[in-house]
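# Notes for the structure review
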Amino acid sequence: MSDTAQPSGPSFRIDMLWNDSRYRSTFIQVVALFLVILAVMYLFQNVVENLAALGKTFGFDFMTQPAGYDINQRLIDYTSRSTHSTAAVVGILNTLMVAVVGCVLATLIGVTAGVARLSKNWVVARLMTVYIEGVRNVPVLIQILLFAAIFDEALPAPSAFRGEDATASMWLGEMVAATNRGFYFPMPVWLEGSFWVVVAFFASILGAVWFGRWANERQQDTGEALPVLPIQAGIVAGGTLLVFLVAGIPIGLDYPALKGFNFQGGLYVRNSYMALTLALALYTGAFIAENVRAGIQAVSKGQTEAAFALGLRPNRTMNLVILPQALRVIIPPLISQYLNLTKNSSLALLVGYMDVTGTLMGITLNQTGKEFETLFLGMAFYLSVSLSVAAIMNLYNEQVKLVERTSAVGMGFSVLDLFAGVTGKWEVLKKGDATMKREYGIRGLLNLFVVFYAVALALMVDYTFLAEITATRPSYFEWSGAKQIATLLMLIALFATLATCLFKNARFIDLAVMDLLAFIFAVAVGWPFGQLVEGVSGAAIVAIGLGARLAIIGYTIFGERPNLTFFHRVRRA
Amino acid sequence: MKTSVFLGTLAVAGLAAGLAGAATLDDVKAKGFVQCGVATGVPGFAFTDASGEWDGFDVSMCRAVAAAIFGDPKAIKFTPTTGKTRFTALASGEVDLLFRNTTWTLSRDTDLKLDFVGVNYYDGQGFMVPKSLGVSSAKELDGATVCIQTGTTTELNLADFFRANSISYEPVPIETNAEATQKYLAGACDVYTTDASGLAATRSTFEAPGDHVILPEIISKEPLGPAVRHGDSEWADIVRWTLNALVVAEEFGVNSGNVDQLASAPTDNPEVNRLLGTEGEYGAMMGLPKDWAVKVVKGVGNYGEIFDRTIGPDTPIGLARGLNALWTQGGILYAPPFR
Ligand SMILES: N[C@@H](CCC(=O)N[C@@H](CS)C(=O)NCC(=O)O)C(=O)O
C-alpha cells in the first residue's frame, strides 16, 4: 500500500486519486475506513442518545453490586451476595467448560467417524454415514432439547433409588448414579502424600517424552525402531503407580450416596451440562468427520501405494504418510468447527445451563436492566474467545501447512532487524530448506520460556477474573482506567507471546517485546503486583518479571546458538 | 471478522433505536389496538382457550384497557413474554403495557424505567412439593432441588430465604411455567417455587392435584400489577384508572349485568355517576370517551366478576379472595375516589 503512495510523476492532480492505479487502491481504502468509522460513531451516538431518552445511563457500576441470585454450577466461590462480575465469571467458566470438553469430544468422535467412514468394512462405513448425515442435517437446537428431554423423562428421580422397593439402582457396582437431575460419579479425594503422586505423574510424562526423543534419534542413527508407545505408556503408568503404592495409596474415591433429597458426594455432572455438551460434540463431530474424510481423501492414492511398496504396514502408512499430509487439509476447517461449537454453546439457555448467556446476559441483564452493557461484555467475551482459538489454530496450521520451496517470503519488519548490525543478518528459511535441522537449537529453551509466560498469564487471569473480591482487591470495574487498560494489554500480550512461543513462530520475538512494553506500562501506572502472589512483595515480582523478560528477549536475539534459531529464521554469520 | 463486529453493533444499536415515541395513547389510537404483554401461559391468569382466544385474570384486565380506549375489549393483541423478556419487550415498545404477574419493586419502578400503576393481585411467594416427600415446612428443604423461573423476584427471594435459614439448595433455572411444570412433574426438581397464586394455578392443571401441597410459608410480598414505560404519565393514568374503575365498580355494585341500566340515567349515587360518565367530564380528562368505564364493566365485568370467573373459589384454581377482597370486606383492595 505505502509503496504506491510515492508521487513519481512531474505533477500531482487531484483526479489522479481515483484515476491513477498507483493511488486508487489506497484512496479507496482510506475513504472506506473513514466511512466505517463514521458509521460506527453514528451508531454509538445513537445508542447513547436513545438510552438517555429512556433515562438510562451507560456504565458498568452495576457489575460491582451484589448479584442476589444463586447459580447451581460454579467452579469458583460464589454466593448470592457475590457481585455481578463474579456471576459473569462463573458463567464464563461454565461456557469454557462446555467449549473445551465439547471440542475434545467432538474431535475424538469426528476423527473416529471420519476414518471409519472410509473403512473397508461395509457395516462400519454405512453406520458412520448414517450418523454423519443424520446428525448434520438436524438443527443442533433440536438435538440439545432431545438429549435434555431424554435425561429428564427416561432417567429415574433420586427418590426411585430409595428404600426397600427401590425401582432404580446405581450402575457399575454402586459407583455411578444416573438420575433425571444429573450423573453422579466417584470422585478422587486427595489425601496426604497425593502431591507426590501428581509430581511422579508429570515427571514420568517428562521421562516418556525424553525417551521418545532418544528412541527417535537412535532410530535415525541405527535404523532400529523400538516399540515407543508401549514403553512410554509403561513409563507413565509404572512410575505413577510405584509412587502411588510407596506413598501409601494417598488417593481415594468418594462415592455418591443418596442422602436427603439428592445424592451427595462424588462428582455431580448436571443433565443440563451433559445434554448440551453431548449434543454439541455429536453435532460438531459429524462435521469434523467430514473434514477428516476430505483430508484423507485429498492425499493421493499414489502415496499409499508408494508407502506400501516401501514395505510400510497400513497403520504406519496412515500415521507417517497420510495423516501428516491430511492434517494440512483438515486443520483450517477444524478451526471454524471449534469456533462454531463455542458459539453454539450459548444455546445453553434452552436447557437452563448457566453459561455466560445465562448469568451475565441472562439474569444479570434482566435484574439490572443493563441490556447494552451486558450484551457488550458478552460479545467482547465471545469475540476474544473466538479470536484466541483462531489465533492458536492458525499458529498450529502455520506449523503443519505445506511449504513450497519457492514460497519463502520475508515477514516484514521484526525487532531482530534492529540488531542485525550486531548479530548478523537474519534470513527466512522454510521448513523444507536443506539447512533446516530437526533440532531447532533454542527450541528446548523456548519450552522453558513457555513455562514462564504460561505462569505469568495464569497469575494475571487468576488475579483479574477469579480472585475473591475484597476491600484490597476491588472488582475489575472499580479499578482506575489506566489500570484496566494495562490489565487488558498485559493479558493480550502475554497470550500472544505464549501462543507464538508454544508454536515456535518467528513472531515470538516481536510479541515478547510488546509484552515487555505492556509490563513496563503496567508498572508505570502502579498495577498492584504486590497482590499477585501471596507473600511475595510487589518489588520482587516486578524485578523477576522484568529480569525474566529481558533475559528471554536478550537470549533470543543474541543467544549463542549454532546457526539456527526457532522455526524458520536463520542467522547468517 | 470486521463485518461481524460491525453488524453486531448495528444490531444492538437497532435495538436501542427502535424505541416508541412518548405518546403511547396516540400510537395506540393510530394502530387501532392495544398491544399487551402477558405471561406465556399460567392457567387462570393468562392462557389461550380451545379456540385460541386469550383469557384469564391478567388478560381480562388488559382487555379492560382496550375497552376503555376503543369501547371494545377485543381491540387488543397479546404478546406472550417470559420472566426474562418482559421488561425488554416493554422498554423497546414491542408492547404498550405489561399485565403479567409482575411484582412491583423499587428497582423495577426506578432503575428499569418502568412505572407500576397499581396492584391487581396481592400475592406472596410459596413452595409446592409432592405430598410423598413428607415435607411440612420450607425450612425442611435443605439440599432440595428447586425449580425457579429466571428473571423473576422469585429467584432473588429464594436465595435470600435459604441464606437466612442457612440451608442449601440446588436451583434449576427455567424460562416458562410450562417447562417448570414438566420438570416438576417428572421429578427433576423436588420443589417448585413461584407466586402462591401461580402455584395454585399450576397445580390445578395436574392430573392429581391432591398429591401436591403448597407449604405454609409465604416468604415474600409480591404485589402484582400492571406496568407501563416510565415517562408517559397520560398513558399511565389510563391504565391506573381503568384498574381503579374495576375496583370501584365492584365496591358500588356496578357489574356487567346492571351497568347499562345504571348508565342510562344518573343514579342517586354521585360516585357511580362520575364513574359511568353520567356526571362530569372525567373521561375527557384522560382523553377517553365519556362512557369509557361503562364499556370496561360491560366488556369484562368488575374486579369481583373477573376474579370469580377466572381464578375464584368456583374455578379449578380455587383461590380465595383473601387480601384481594375489598377493603370494606376485610381485604386491602382500596381504590382512590372518582372525583
Ligand atoms: N412475581 C414475580 C414472578 C412472576 C412469574 O414469573 N410468575 C410465573 C408463575 S406465576 C409466571 O407468570 N410465568 C408465566 C410464564 O411462564 O410465562 C416477578 O414479577 O418477578
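Residues numbered from 1 in each chain as written. Chains lettered and ligands numbered in written order. Predicted model: local features only at pLDDT ≥ 70, side-chain atom pairs only at ≥ 80, totals over all residues. Heavy atoms only, no water.

## Some details on the overall build of chain B
For chain B, the count of helices and strands is 13 helices and 14 strands. Against the 2.2 N^0.38 benchmark of 20 Å for 339 residues, chain B shows a C-alpha radius of gyration of 21 Å, consistent with a compact globule. Along the three orthogonal principal directions, the C-alpha set of chain B runs to about 65 × 60 × 40 Å. Counting only residues that meet the buried cut, chain B has 58% of its 339 residues in that class. (Helix = DSSP H or I, 4+ residues; strand = E, 2+ residues; numbered from the N terminus. Rg over C-alpha atoms; globule rule 2.2 N^0.38 Å. Buried < 20%, exposed > 50% of the residue type's maximum accessible area, 1.4 Å probe, protein only.)

## Re helix H16 (residues 481-502) of chain A
Residues that lie three or four places apart on an α-helix share one face, since the helix turns once every 3.6 residues. If you check H16(A), its first and last C-alpha atoms are 31 Å apart, about what 22 residues at 1.5 Å a residue would give, namely 32 Å. The positive-phi residue at the C-terminal boundary of H16(A) is A:Lys504, with phi of around 55°. (Expected span 1.5 Å × (residues − 1).)

## Some points on the pattern of salt bridges
All names here are of chain A. Within this structure, the stated rule accounts for 23 salt bridges over all chains. The partner of Arg136 in a salt bridge is Glu133, and the shortest N-O contact between them spans 3.3 Å. Here Glu133 and Arg136 lie together in helix H4 (residues 122-136), a separation of three residues that amounts to about one turn. Judged by its relative accessible area of 26%, Arg136 falls in the partly exposed class. Given a relative accessible area of 28%, Glu133 falls into the partly exposed group. Residue Arg218 pairs with Glu224 through a salt bridge whose shortest N-O separation is 3.4 Å. (Salt bridge = Lys/Arg side-chain N within 4 Å of Asp/Glu carboxyl O.)

## Focus on the confidence of the model for chain A
All names here are of chain A. The pLDDT averaged across chain A works out to 84; a share of 90% of its residues lies at or above 70. Low pLDDT (under 50) marks residues 1-7, which in the prediction has eight contacts with non-local residues, meaning those over four places away or in another chain. Confidence drops under pLDDT 50 across residues 562-568; counting only partners more than four residues distant or on other chains, this segment forms 30 contacts. (pLDDT = per-residue confidence, 0-100. Contact = heavy atoms within 4.5 Å.)

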